[in-house]
Amino acid sequence: MVSRMFRLVTEVDKERRDLLRTRLRETNTAASSVLRSLRGTPHEREFPLHVWVLDEAGGLAGGLVGHTWATWLHVTYLWVAGGHRGAGLGSALLDEAERTARTERGCAAARVETWEFQAPGFYTRRGYDVVCVIPDYPPGITEYTLVKRLG
């Protein structure tokens, strides 16, 4: 139970969010030698990693949006336009992101979340292992977290 000395507030507040993030980062850094060792290195911050496939007219045929952090590639989105699926574009996007993460950013591993109707089979065929299954997230759908060692 919360004391009468405090009040709970439910509102979006970007200034408090940023303060909370800073304080949590400080607490985590103090508690973890691994996180402390990241401070002051290129792996300390998230760096965007985007790979695009453009068609002959310069339109978007597919893309991968992710970031690297702490020697990990995190694939946030990977999409290929319906008319181009089956041509290897998804594999080319993932290969390029993994190559960039490994050779240019020193990443040793990659992770991705995907839903059952999206691409878990695609990722397992590409060497990813399922490490987490969350049924009913959202209700009626299963989410998978997959990881892969790069190198």
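Position numbers for residues start from 1 in each chain and track the written sequence from start to end. Local features in a predicted model are, by the rule used here, given only for residues with pLDDT of at least 70; side-chain atom pairs are given and counted only at 80 or more, and totals for whole chains, interfaces and linings are based on all residues. Water and hydrogen atoms play no part in the side-chain values, which are based on all heavy atoms of the structure.

Participant: Looking at this model, I keep getting lost on the packing of aromatic side chains. Mind explaining?
Facilitator: Given two aromatic rings, their pairing is described by the distance between the two centres and the angle made by the two planes. Aromatic contacts are taken between Phe, Tyr and Trp rings whose centres are within 6.5 Å, Trp giving its six-membered ring; a plane angle under 30 degrees counts as stacked, one over 60 as edge-to-face, and the others as tilted. Per the counting criterion, the structure on display carries 3 aromatic pairs. Each ring, one from Y123 and one from Y128, has its centre 5.5 Å from the other, and the planes form 70°; the classification is edge-to-face. Partly exposed describes any residue whose relative accessible area lies between the buried limit of under 20% and the exposed limit of over 50%, with all areas from a 1.4 Å probe on protein chains only and scaled to the type maximum. With relative accessibility at 5%, the residue Y123 sits in the buried group. Y128 sits in the buried class, given a relative accessible area of 2%.

Participant: Just checking my understanding: could you explain the nonpolar core for this structure?
Facilitator: As a rule of thumb, nonpolar side chains are buried together in soluble globular proteins. One finds L64, L73, V75, L94, Y123 and Y128 to be the most contacted residues of the largest nonpolar core, which totals 21 residues. Every helix listed is a DSSP run of H or I at least four residues long, and every strand listed is a run of E at least two residues long, numbered separately from the N terminus. Of all elements in the fold, only β1 (47–54), β2 (60–69), β3 (72–80), α3 (89–105), β4 (109–115) and α4 (120–125) reach the threshold of two or more residues within this core. Contact between two residues is taken to exist if any of their heavy atoms lie within 4.5 Å; hydrogens are not considered. Setting aside chain neighbours within four positions, we find L64 in contact with L49, H50, V51, V75, Y77, L78, L93, L94 and A97. Side-chain atoms within 4.5 Å link the members of a nonpolar core, which is a set of buried Ala, Val, Leu, Ile, Met, Phe, Trp, Tyr and Cys residues.

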